[in-house]
Amino acid sequence: MNKLVNSIREAISLSGLKDGMTVSFHHHLRNGDYVLNMVMDEIANMGIKDLTVNASSLFDTHMPLVGHIKNGVVTTVMTDYIAAGLGREFSRGIMKNPIQFRTHGGRPADIALGKTPIDVAFIAAPASDSMGNCSGKYGKSACGSLGYAYADAMHAKKVVVITDNLVSYPLEDWSISEDYVDFVVTVDAVGDPKGIVSGTTKITRDPVGLVMAQNAAKVIEASGLLKDGFSFQTGAGGASLAAAKFLKDIMLRKGIQGSFGLGGITGYMVDMLRSGCFQKLMDVQCFDLGAVESIRTDSRHQEISAMHYASPAAKSAVVDSLDVVILGATEIDTDFNVNVHTDSNGYIMGGSGGHSDTAAGSKLSMIIAPMFRARLPIVTDRVNCISTPGKDIDVLVTQGGIAVNPKNIELKNNLIAAGLNVVDIHDLKEKTERITGKPHRLPKGDKIVAEVIGHDLSIQDYIYNVKGE
Amino acid sequence: MEILKSASAGTIESSDAYVEIEPKEGALDIQIESVVKEQFGEEIKAAVKDVLDENGVKNASVRVVDRGALECVIRARVETAILRGKGEE
């Protein structure tokens, strides 16, 4: 049996891809990814039209997608995240069909449930053998975990592995196994290493960020959850990383042995593992070189699929065992609804990713954000887009006070008892507006450009086009 | 108060504002670009106008590039540009 084919074009042709079908991609190569563009360009050259693209995330390197949309090659887009440059294009209303935003857990759930079937999955693999046993841990384009690609491999009708590092059969320590793979293609490069992982992720040096981070660590300490067996996820933003550093100091000082760190893993989480703060890392995506090196060499650092990470359709997912998650926000309203999809002018610039999944699953979900950014207050009467519903958010930490969701009375009492600066979220909003002024609301567009599907797989909000310019 | 020469103040860093001022015969011309124009456009224009009035500036062309500065910052940048334009600083 020979699965090796000579070109992407041959693989597309053999896969039987036709007008109106669905193709899928994973995003572990992030802004360094070459595969989505190579495949879509070839599909366009072959004259195939009216496709659905189901990509776990889209980055600005995928800007050629805009041309494929305008030419009718792509008519539906499903994704969990869209970076700001590409998001701006979508916000102008270039598509007839709204984008379908899902969460990192919701995407594999809907794939597994058959709600969003995939005809052909294209899997960028930094290492593969000739039968398609493949991994993200090895090779010049190493990205670490391939967590988001599992659902695509397991449920797509046809699976094409694209690699720039063909190794002898069998690849040891594979992530996705050959039993799912139809074709293997070799190319010169699947991505640009500079865009795949950042060299180092750095903690913030901004004094406001450090105050927020210190407050965040104190909230965790006072929450009652910081004890042996503690589990934790944080993002890669500067203030979130600083919070992790302060948390690490507290854990080491008190001799607390946590159970696992989850996520999107950075070098800081690896440091916490090595320092004994955690016994395991559960990794759906590596953010930096430190994380890639660790998942390759340390058996305590475990790759997990997106289903295992966060799927609401799984029998259980790791987010359901998570104690604390630190998350960001572009806006949060007085009902604690959080927006991570659109910027302050209404343009798409992100997406839930795992935000809503971890907020829903964790015991304590914390938003860390400054009181205002570039004159715009973080707390509003109503966010422009509900990415994560307020019922799943426990606390907002800013430099000017800590606002606890009224549903979590126990947490509020614990924080007050610890002497922390607990404020009502309405008071925090007023205090901020005394500094910034009260912003006028944005005019709403007249066309839905995206629907936002939550962790519970139901539509929870719509994003409208941005007029003018 | 007369603006005698072209002058500027501020930066285009986030949360700051950059202000340019130059002499203009018989008119006061104000141009504002802002990343928060939808949310604070009117307030920014009023603040700039206010500082110009306070300093008796009537014949000048003023351009403000606002990167989300607080009102106190905008006022300070405009005032500094005026003082520099008069040759006082």
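1. Thoughts on the packing of aromatic side chains
Residues and elements named next belong to chain A.
Thought 1: With the rule as written, the count across this model stands at 4 aromatic pairs over all chains.
Thought 2: The interplanar angle of 40 degrees and the centroid separation of 5.8 Å between the aromatic rings of F59 and Y81 together place this pair among those described as tilted. Separated by 22 residues along the polypeptide, F59 in the loop between β3 (51-55) and α3 (64-70) and Y81 in the loop between β4 (74-79) and α4 (84-91) bring together distant segments of the chain.
Thought 3: Relative accessible area serves as the criterion here: at 13%, F59 is assigned to the buried category.
Thought 4: Between F232 and F278, the aromatic rings sit 6.5 Å apart at their centres with planes inclined by 15 degrees, giving stacked as the arrangement. With F232 in strand β11 (residues 231-234) and F278 in the loop between α10 (267-274) and β13 (280-286), the pair connects residues that are 46 residues apart, well separated along the chain. Each member of the pair F232 and F278 is classed as buried.
Thought 5: Among the aromatic residues, ring-to-ring pairing joins F230, F232 and F278 into one connected group.

2. Here we look at the pattern of salt bridges
Thought 1: Following the criterion strictly, the structure yields 30 salt bridges over all chains and no others.
Thought 2: Residue K438 of chain A pairs with D381 of chain A through a salt bridge whose shortest N-O separation is 3.8 Å. Separated by 57 residues along the polypeptide, K438 of chain A in the loop between α15 (425-436) and β25 (448-453) and D381 of chain A in the loop between β21 (379-380) and β22 (395-398) bring together distant segments of the chain.
Thought 3: For K391 of chain A, the salt bridge is made with D392 of chain A, and the minimal N-O distance between the two is 3.3 Å.
Thought 4: Assessed through its relative accessible area of 57%, K391 of chain A is described here as exposed.
Thought 5: Linked through salt bridges whose partners overlap, the residues forming this network are R375 of chain A together with D50, E54, E71 and R75 of chain B.

3. Some words on the domain arrangement of chain A
Often, the extent of an interface is quoted as the loss of accessible area on bringing the components together.
Residues and elements named next belong to chain A.
Thought 1: When cut into domains, chain A gives domain 1 (4-56 + 104-196) and domain 2 (207-442).
Thought 2: Computed from C-alpha coordinates alone, the two centres of domain 1 and domain 2 are separated by 31 Å.
Thought 3: With 22 residues of domain 1 in contact, the opposing surface of domain 2 contributes 21 residues.
Thought 4: Together domain 1 and domain 2 conceal approximately 1700 Å² of surface at their shared face, both sides included; 59% is due to carbon and sulfur atoms.
Thought 5: Here domain 1 and domain 2 share 0 salt bridges between them.
Thought 6: Inspection of the region where domain 1 meets domain 2 yields 13 residue pairs in polar contact (both at pLDDT 80 or more).
Thought 7: Among the secondary structure elements, those contributing two or more residues to the side of domain 1 that touches domain 2 are α5 (106-112) and α6 (150-155).
Thought 8: Looking at the side of domain 1 that touches domain 2 residue by residue, the classes come out as 11 nonpolar, 9 polar and 2 charged.

4. Some remarks on the nonpolar core
Residue and element names in this part refer to chain A.
Thought 1: Grouped together as the largest cluster of nonpolar side chains are 111 residues, with contacts concentrated most on F25, M40, I43, I162, F232 and V395.
Thought 2: In terms of residue count, the dominant contributor to this core is helix α9 (residues 238-254) (8 residues).
Thought 3: When residues of this core are assigned to domains, at least three fall in each of domain 1 (4-56 + 104-196) and domain 2 (207-442).
Thought 4: Setting aside anything within four residues of it in sequence, one finds I162 in contact with I8, V35, V39, F122, I123, A124, A125, V185, V187 and V190.
Thought 5: If you look at the next biggest cluster of nonpolar residues, it comprises 31 residues, including I304, A306, A310 and V338.

5. Here's the deal with the interface of chain A and chain B
Thought 1: In this complex, chain A contributes 14 residues to the contact, which on the side of chain B involves 16 residues.
Thought 2: Buried surface at the junction of chain A and chain B, summed over both partners, amounts to about 1200 Å²; 55% is from carbon and sulfur atoms.
Thought 3: When the buried surface of chain A facing chain B is broken down by residue, A374, R375 and H440 of chain A rank first, second and third, together holding 57% of it.
Thought 4: Inspection of the region where chain A meets chain B yields 1 salt bridge.
Thought 5: For R375 of chain A, the salt bridge goes to E71 of chain B, with nearest N and O atoms at 3.8 Å.
Thought 6: By residue class, the composition of the side of chain A that touches chain B is 7 nonpolar, 5 polar and 2 charged.

Criteria and thresholds
- Residues numbered from 1 in each chain as written.
- Chains lettered and ligands numbered in written order.
- Predicted model: local features only at pLDDT ≥ 70, side-chain atom pairs only at ≥ 80, totals over all residues.
- Heavy atoms only, no water.
- Phe/Tyr/Trp six-rings, centres within 6.5 Å; stacked < 30°, edge-to-face > 60°.
- Helix = DSSP H or I, 4+ residues; strand = E, 2+ residues; numbered from the N terminus.
- Buried < 20%, exposed > 50% of the residue type's maximum accessible area, 1.4 Å probe, protein only.
- Salt bridge = Lys/Arg side-chain N within 4 Å of Asp/Glu carboxyl O.
- Domains from an automatic or database assignment.
- Contact = heavy atoms within 4.5 Å.
- Buried area = accessible area lost by both parts, 1.4 Å probe.
- Polar contact = N/O pair within 3.5 Å; in protein donor to acceptor, adjacent residues only side chain to side chain.
- Nonpolar A, V, L, I, M, F, W, Y, C, P; charged D, E, K, R; others polar.
- Core = buried A, V, L, I, M, F, W, Y, C linked by side-chain atoms within 4.5 Å.

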